[in-house]
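# Analysis of the macromolecular model
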Amino acid sequence: LVQMMENAGRNLAHLARRRFLDGDPRDKPVVVLAGSGGNGGGTLVAARRLHNYGANVQVYLTRPRAEFAPVPAHQLDILLRMGVPVFQAGDIGKAVAPALIIDGIIGYSLRGEPRGAAADLIRWANGQTAPILALDAPSGLDTASGTAHAPTIHAAATMTLALPKVGLLADEAKPFVGELYLADISVPPALYAGPGLQMSVEPIFAIEDIVRLR
């Protein structure tokens, strides 16, 4: 899980740099919105890398540090020790005017409409003029059906992982997903061929680690 999260965050930072930061993140303000699970952990990796690339990164969390799952908590600890500014969702009104917002609030584990701090961060992000880059799925979107709950992130682009989720391809999801990219997190093809899925998957990432689907 640590390795897959690192792979996801690295590719997210690469896509952010190439697609939204003109290939040079230096001194550009980036606001990262992170939940307490795996999706948030991936964006924390991206925050670390963008900080190292020279971006002016601010991170806003949906929950206190003590409520993070172990692997995302590890990523958060690294950021804090590096001195990257990390705040709680209630401070979002003090955020810099971003050149880019990265959404890692809620992943595929969404159950019903976003509530509390998660909903507040989604509404804040949708109210900004900066583009939003979502990790795996726009927060608030049901990845199985494509249903957009209230509220749901309106992403300029979504970078999903390993294989695309069915809901991301639904017509009704397109206004929320934006451009759709697929990124490698080093899942071996043999895993897809196993008893659970029984899928034959070609080497999708033979040429690039990030593939645009739409």
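Each remark here, short or long, concerns the structure printed above.
In short, a report on the structure. What you see is a predicted model; the values in this text were computed from it and never measured.

Right, let's talk about the packing of helix α1 (residues 2-20) against helix α2 (residues 38-52) for a bit. At their nearest, the axes of α1 and α2 sit 7 Å apart, and the two run at 55 degrees to each other. By the angle between their directions, the pair α1 and α2 is classed as oblique. Classified by chirality, the crossing of α2 by α1 is right-handed. In this structure, α1 contributes Met5, Glu6, Gly9, Arg10, Leu12, Ala13 and Ala16 to the contact, and α2 contributes Gly38, Gly41, Gly42, Thr43, Val45, Ala46, Arg48, Arg49 and Leu50.

As a further point, take the pattern of salt bridges. Pairs can form between side chains of opposite charge whenever their charged atoms are close. Under the definition given, this model contains 13 salt bridges. Residues Glu6 and Arg49 are paired through a salt bridge, measuring 3.2 Å at the closest nitrogen-oxygen approach. Linking Glu6 in helix α1 with Arg49 in helix α2, this pair joins segments that are 43 residues apart in sequence. For Asp24, the salt bridge identified is with Arg26, shortest N-O distance 2.8 Å. In this structure Arg26 comes out as exposed when scored by relative accessible area, which is 55%. Taken together, the shared-partner salt bridges connect Glu6, Arg48 and Arg49 into one network.

Let's shift gears to α1. With 19 residues, α1 extends 26 Å between its outermost C-alpha atoms, agreeing within 8% with the 27 Å of an ideal straight helix rising 1.5 Å per residue. Residues of α1 that are buried: Met5, Glu6, Asn7, Ala8, Gly9, Asn11, Leu12, Ala13, Leu15, Ala16 and Phe20. With its phi angle positive at about 55 degrees, Asp22 sits one or two positions after the end of α1.

The sheet built from 8 strands is open, its strands ordered β3-β2-β1-β4-β5-β6-β7-β8 with mixed pairing. Either end of the sheet is taken by a strand with one partner, and the two such strands are β3 (86-88) and β8 (210-212). Averaged over all adjacent pairs, the angle separating strand axes in this sheet is 25 degrees, with direction ignored. Pairing analysis gives 3 bridges linking strand β7 (residues 179-183) to β8, with the strands arranged antiparallel. Note that in β8 the partner of Tyr181 across the bridge is Arg212.

A separate point is the pairing of strand β6 (residues 157-161). The buried count for β6 comes to 5 of 5 residues, which makes it a mostly enclosed element. Every second residue of β6 is oriented toward a common face, with Ala157, Met159 and Leu161 on one face and Thr158 and Thr160 on the other, all of them buried. In the sheet, strand β5 (residues 132-135) pairs with β6 via 3 bridges, with the strands oriented parallel. In the strand pairing of β6, Leu133 is matched with Ala157. Sheet analysis places β6 next to β7, joined by 5 bridges and oriented parallel. Within the sheet, the bridge partner assigned to Met159 lies in β7 and is Tyr181.

A few words now on the nonpolar core. Core analysis: the largest hydrophobic core is formed by 37 residues, its most contacted members being Val30, Leu50, Val57 and Val59. It is α1 that provides the largest number of residues to this core, a total of 6 residues. Look past the residues within four positions of Val57 in its chain and what remains in contact with it is Val30, Val32, Ala47, Leu50, His51, Val84 and Pro85. In terms of nonpolar packing, the next biggest core, distinct from the first, is built from 19 residues, Val31, Tyr60, Ile101 and Ile122 among them.

With that settled, the discussion passes to the side chain of Asn39. The topology assignment puts Asn39 in helix α2. With relative accessibility at 12%, the residue Asn39 sits in the buried group. Setting aside residues no more than four positions away along its own chain, Asn39 makes contact with Asp103, Gly104, Ile105, Ile106, Gly107, Leu135 and Asp136.

Applying the stated criterion across every chain, the model contains 1 aromatic pair. Arranged with centres 5.1 Å apart and planes meeting at 25 degrees, the rings of Tyr60 and Phe87 form a pair that is stacked. With Tyr60 in strand β2 (residues 56-61) and Phe87 in strand β3, this pair connects stretches of sequence that are 27 residues apart. The buried category is assigned to Tyr60, whose relative accessible area is 1%. A cation sits over an aromatic face here: Arg19 above Phe20, 4.7 Å from the ring centre.

Thresholds, definitions, all that
Per chain, residue numbering runs from 1 following the sequence as it is written. The predicted nature of this model means local features are confined to residues of pLDDT at least 70 and side-chain atom pairs, given and counted, to a pLDDT of 80 or more, with totals for whole chains, interfaces and linings taken over all residues. Only hydrogens and water are set aside when side-chain values are computed; all heavy atoms of the structure are taken into account. Here an axis means a line fitted to C-alpha atoms, over the contact stretch when the element is a helix, while the angle between two N-to-C directions is reported on a 0 to 180 degree scale. Secondary structure elements follow DSSP: runs of H or I no shorter than four residues count as helices, runs of E no shorter than two count as strands, and numbering proceeds from the N terminus. The cut-offs work like this: below 35 degrees is roughly parallel, past 145 is roughly antiparallel, 65 to 115 is roughly perpendicular, and the gaps in between are oblique. The crossing is said to be left-handed when, going from far helix to near helix, the turn is anticlockwise and less than a right angle, and right-handed when the turn is clockwise. Only heavy atoms enter the contact rule, under which two residues are in contact if any of them lie within 4.5 Å. By definition here, a salt bridge exists when the distance from a side-chain nitrogen of Lys or Arg to a carboxyl oxygen of Asp or Glu is within 4 Å. The cut-offs for exposure are 20% and 50% of the maximum accessible area for each residue type, with area from a 1.4 Å probe on protein chains only; residues under the lower value are buried, those over the upper are exposed, and the others partly exposed. One fewer than the residue count of a helix, multiplied by 1.5 Å, yields its expected span. Here, strands pair whenever DSSP counts at least two bridges between them. Nonpolar cores are built from buried Ala, Val, Leu, Ile, Met, Phe, Trp, Tyr and Cys residues. Side-chain atoms within 4.5 Å join them into one set. Any Phe, Tyr or Trp ring, taking Trp's six-membered ring, that has another such ring centre within 6.5 Å forms a pair; planes under 30 degrees apart are called stacked, those over 60 apart edge-to-face, and the others tilted. Think of it as a cone above the ring: NZ of Lys or CZ of Arg counts as a charge over the ring if it is within 6 Å of the ring centre and within 35 degrees of the ring normal.

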